[in-house]
Amino acid sequence: MVLTRRARLLVSVAMATAATVSSVMWGAGKATGAVSDPVPVAAVAAMPVPAYRSVAPEADISHHGHVSLWGEELGVWLLSENHGPSDVMRSTVRLRFSVALTGRQEMPSACLQADARTVLCRTGPLRAGGAPGRQFALELQLAGRPNEVAVRIDTAWNGGVTDRNPQNDRHEVLAPATGDEYVF
């Protein structure tokens with residue numbers, strides 16, 4: 001009879017488990033480590049049963065839009081969607097900028113400035129199936145007149161869902177100060 005490495009490993013693990021259970025139940029040093037050592041039924045019943053975790057629903061959150069830089073102003077137009085299969089009750093999109101924002105910004109009520117270079121926006125419920133999601137239009141004042149701004153867009157919080165395609169909710173856009181729209 002030919003034994004594969006995997007079969008030998010499984011037999012070794014089974015023997016080690018039996019020896020451990022035997023030594024725990026019968027007292028350390030009394031077990032011989034043989035598979036034939038008796039294991040009382042109470043010992044098997046007393047072994048912990050692994051708790052099964054509930055599986056998180058799956059969704060596919062995406063962010064698309066465009067960025068435009070002119071003078072000291074940066075415009076960000078953003079659409080957040082969910083391609084399913086499960087609905088998302090709420091999520092948060094994060095916008096990070098390579099240039100600091102100046103002072104207090106006027107933003108939609110769902111957005112707030114987290115620090116000098118970061119804005120967070122809550123999307124609210126996102127229905128599955130690519131239904132029209134939450135749209136944001138931000139006109140932000142920048143410190144100085146930069147030649148270009150890098151904008152990083154990603155999901156800061158996904159509402160506790162599993163997203164197996166995070167590539168469509170993470171973007172980095174370089175916007176030169178031309179006033180043109182740079183799509184992501």
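> What exactly am I supposed to notice about the state of the cysteines here?
Simply put, disulfide is the name for a covalent bond between the sulfur atoms of two cysteines. Scanning the model with the defined rule gives one disulfide in all. Note on cysteine connectivity: Cys111 is disulfide-linked to Cys121, with sulfurs 2.0 Å apart. On the S-S bond that ties Cys111 to Cys121, the torsion sits near 110°, and the link is right-handed. With Cys111 in strand β4 (residues 111–115) and Cys121 in strand β5 (residues 118–122), this residue pair connects regions lying 10 residues apart in the sequence. Across the pair, exposure class does not vary: Cys111 and Cys121 are buried alike.

> I'm lost on the sheet that holds β5 in this one. Help?
In any sheet, the strands associate via hydrogen bonds between backbone groups, in a parallel or an antiparallel arrangement. The five strands lie next to each other as β4-β5-β3-β7-β8, forming an open sheet whose pairing is antiparallel. Of all strands in the sheet, those bounded by a partner on one side alone are β4 and β8 (171–176). Strand-to-strand twist in this sheet, taken as the mean axis angle between neighbours without regard to direction, amounts to 25°. Taken together, the five bridges between strand β3 (residues 92–97) and β5 define a ladder with antiparallel strand orientation. Note that in β5 the partner of Arg96 across the bridge is Thr118.

> What should I look at first to understand the pairing of strand β2 (residues 73–82) in this one?
In terms of residue burial, β2 counts as a mostly covered element, since seven of its 10 residues are buried. By the bridge criterion, 10 bridges tie strand β1 (residues 61–70) to β2 in an arrangement that is antiparallel. Across the sheet, residue Val67 finds its bridge partner in β2, namely Val76. The hairpin formed by β1 and β2 contains two residues between the paired strands, and Gly71 there has a positive phi angle of roughly 55°. Sheet topology places β2 next to strand β6 (residues 134–141); eight bridges connect them, and they run antiparallel. By the bridge assignment, Leu78 is partnered in β6 with Phe136.

Here is what the cut-offs are and how they apply
Counting restarts for each chain, with residues numbered from 1 along the sequence as it is written. With pLDDT at 70 or above as the cut-off, local features in this predicted model cover only qualifying residues; side-chain atom pairs require 80 or more to be listed or tallied, and sums for whole chains, interfaces and linings still use all residues. Side-chain measures here rest on the full set of heavy atoms in the structure, leaving out hydrogens and waters. Here, two cysteine sulfur atoms that lie within 2.5 Å of each other are counted as a disulfide. Here a strand is any run of E in DSSP of at least two residues, a helix any run of H or I of at least four, and the numbering for each starts at the N terminus. Relative accessibility decides the category of a residue: with a 1.4 Å probe and only protein chains considered, values under 20% of the type maximum give buried, values over 50% give exposed, and everything between is partly exposed. For two strands to be treated as a pair, DSSP must find no fewer than two bridges joining them. Fitted lines through C-alpha atoms serve as axes, helices being fitted only where they are in contact, and the angles separating the N-to-C directions of these axes extend from 0 to 180 degrees.

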